[in-house]
Amino acid sequence: MAQIDGLPPLSEVIRTYQLSAKKSLGQNFLLDLNLTAKIARQAGDLAECDVLEVGPGPGGLTRGLLAEGARRVLAVEKDPRCLPALEQIAQVYPGRLQVIEGDALEVDALQHLTPPIRVAANLPYNVGTELLVRWLTPKDWPPFWQSLTLMFQREVADRIVAAPGTKKYGRLALLAQWRADARIVMELPPEAFVPAPKVHSAVVHLTALPAPRFDADAHVLNRVVAAAFNQRRKMLRAALKPLGPDMEDRLKAAGIPPTERAEQVSLEAFCALAREVAKT
Ligand code: SAM
């Protein structure tokens, strides 16, 4: 049966181009175009935007983004086997899909994009987390992106939106919530993917705030939070020792009891601490 875009169903695309899923590339494909259109709608109004899609695979989400009206999609895919399937999509949407073969961790996609830019991706867990941290920690703000709509393992999604005082609260929550609004907008069972992964997944939508919620240097905050949660069960005066000899005083100056554990400390207090640490 032909789809809304006149292209063949994704199961046929996978057969035609022999895209057997590779574990080494974290390939769990979405084959239901209603579902990929739904994910694309979570990315917001795409009509005026360039969309950076990382890991398009056979193109389910790509087709969703284009059908939902994205001005342009720039897709970065590491697996060369997927390129003919993506080329077929590009022909149906002339001038609106550019594909770059390469590793998203190395490709400089920005030079091919025109603002406003949104990012959408269903990526392997490790690549997704590393890219998310990069996208959240540029020195200057606002970043190149207006929003990020990203699929994660449910457990990682929970860590991004976690509140202080909970087990999942940590570096990801703090970096995400410091300069963005982060929400879980969809939950997906393993059966939504082919092959089905072992765990549940969720889509997280992050919108860049015009300015950080609290003043701090991104690099310093990142270092402080990484050290604090690296030894999350220790009191902060011990966990932060690697950052310098006078951390107890700096904690006090930031209004944080040195005996507190990282899990209990709010974003506002971590930013105050980062400002203290940045002082020479
Ligand atoms: N977006 C497709 C979908 O939803 O069906 C595919 C999702 S699959 C979970 C992840 C995709 O990311 C695969 O196509 C894989 O080849 C690609 N990929 C894995 N590592 C990558 C990397 N470092 N850079 C770019 N693409 C990558």
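Residues numbered from 1 in each chain as written. Predicted model: local features only at pLDDT ≥ 70, side-chain atom pairs only at ≥ 80, totals over all residues. Heavy atoms only, no water.

1. A few points about the overall build of the chain
Here is step 1: On a plain count of helices and strands, the chain comes out with 11 helices and nine strands.
Here is step 2: Oriented by its inertia axes, the alpha-carbon framework of the chain measures out at about 65 × 40 × 25 Å.
Here is step 3: Here the chain holds 280 residues, and 51% of them are scored as buried.
Here is step 4: The long-range fraction of contacts in the chain, counting pairs at least 24 apart against all pairs at least 6 apart in sequence, stands at 70%.
Here is step 5: Summing over all exposed atoms, the chain offers an accessible surface of approximately 13,200 Å²; the carbon and sulfur share of this is 51%. (Helix = DSSP H or I, 4+ residues; strand = E, 2+ residues; numbered from the N terminus. Buried < 20%, exposed > 50% of the residue type's maximum accessible area, 1.4 Å probe, protein only. Contact = heavy atoms within 4.5 Å. Areas by Shrake-Rupley, 256 points an atom, 1.4 Å probe, with all protein chains shown as cover.)

2. Comments concerning the UniProt feature "domain: Ribosomal RNA adenine methylase transferase N-terminal" (unreviewed entry) in the chain
Here is step 1: Within this structure's numbering, the places UniProt gives as "domain: Ribosomal RNA adenine methylase transferase N-terminal" (unreviewed entry) are residues 35–210.
Here is step 2: For the annotated span residues 35–210, helix accounts for 31% and strand for 27% of the residues, and the straight-line distance between the end C-alpha atoms is 31 Å. (UniProt positions renumbered as here; feature names shortened; annotations may be inferred.)

3. A closer look at the UniProt feature "binding site: S-adenosyl-L-methionine" (unreviewed entry) in the chain
Here is step 1: In this structure's numbering, the residues bearing the UniProt feature "binding site: S-adenosyl-L-methionine" (unreviewed entry) are Asn28, Leu30, Gly55, Glu77, Asp103 and Asn122. Cross-referencing the annotated residues with the lining of the largest pocket gives Asn28, Leu30, Gly55, Glu77, Asp103 and Asn122.
Here is step 2: With respect to the helices, strands and loops of the structure, glycine 55 is situated in the loop between strand E2 (50–54) and helix H3 (60–67).
Here is step 3: Judged by its relative accessible area of 23%, glycine 55 is partly exposed.
Here is step 4: Those residues in contact with glycine 55, other than ones at most four positions away along the chain, are Val76, Glu77, Asn122 and Leu123.
Here is step 5: Mapping glutamate 77 onto the fold places it in strand E3 (residues 72–77).
Here is step 6: Given the relative accessible area of 6%, glutamate 77 is considered buried.
Here is step 7: Once you skip the residues sitting within four places of it in the chain, glutamate 77 turns out to touch Gly55, Pro56, Gly57, Cys82, Leu86, Ile100, Glu101 and Gly102.
Here is step 8: A polar contact of 2.8 Å, which involves the side chain of glutamate 77, links it to the backbone nitrogen of glycine 57. (1 Å grid on protein atoms, 1.4 Å probe; cavity = no way out; pocket = protein on both sides within 12 Å on 5 of 7 lines; lining within 4 Å. Polar contact = N/O pair within 3.5 Å; in protein donor to acceptor, adjacent residues only side chain to side chain.)

4. Regarding the pattern of salt bridges
Here is step 1: Counted according to the given criterion, the structure contains 16 salt bridges.
Here is step 2: One salt bridge connects lysine 139 with aspartate 217, and the closest N-O pair in it is separated by 3.5 Å. With lysine 139 in the loop between helix H5 (125–136) and strand E6 (147–153) and aspartate 217 in the loop between strand E9 (201–208) and helix H8 (218–230), this pair connects stretches of sequence that are 78 residues apart.
Here is step 3: By relative accessible area, which is 66% here, lysine 139 ends up exposed. (Salt bridge = Lys/Arg side-chain N within 4 Å of Asp/Glu carboxyl O.)

5. A look at unusual backbone geometry
Here is step 1: Backbone torsion omega between tryptophan 141 and proline 142 reads 5°, so that peptide bond is classified as cis.
Here is step 2: Its location among the elements puts proline 142 in the loop between H5 and E6.
Here is step 3: A cis amide bond links valine 194 to the next residue, proline 195, at an omega of -10°.
Here is step 4: With respect to the element layout, proline 195 can be found in the loop between strand E8 (193–194) and E9.
Here is step 5: Despite not being glycine, glutamine 18 shows a phi value in the positive range, around 50°.
Here is step 6: If you trace the backbone, glutamine 18 turns up in the loop between helix H1 (10–16) and strand E1 (29–30).
Here is step 7: Residue glutamine 18 is classed as exposed on the basis of its relative accessible area of 63%.

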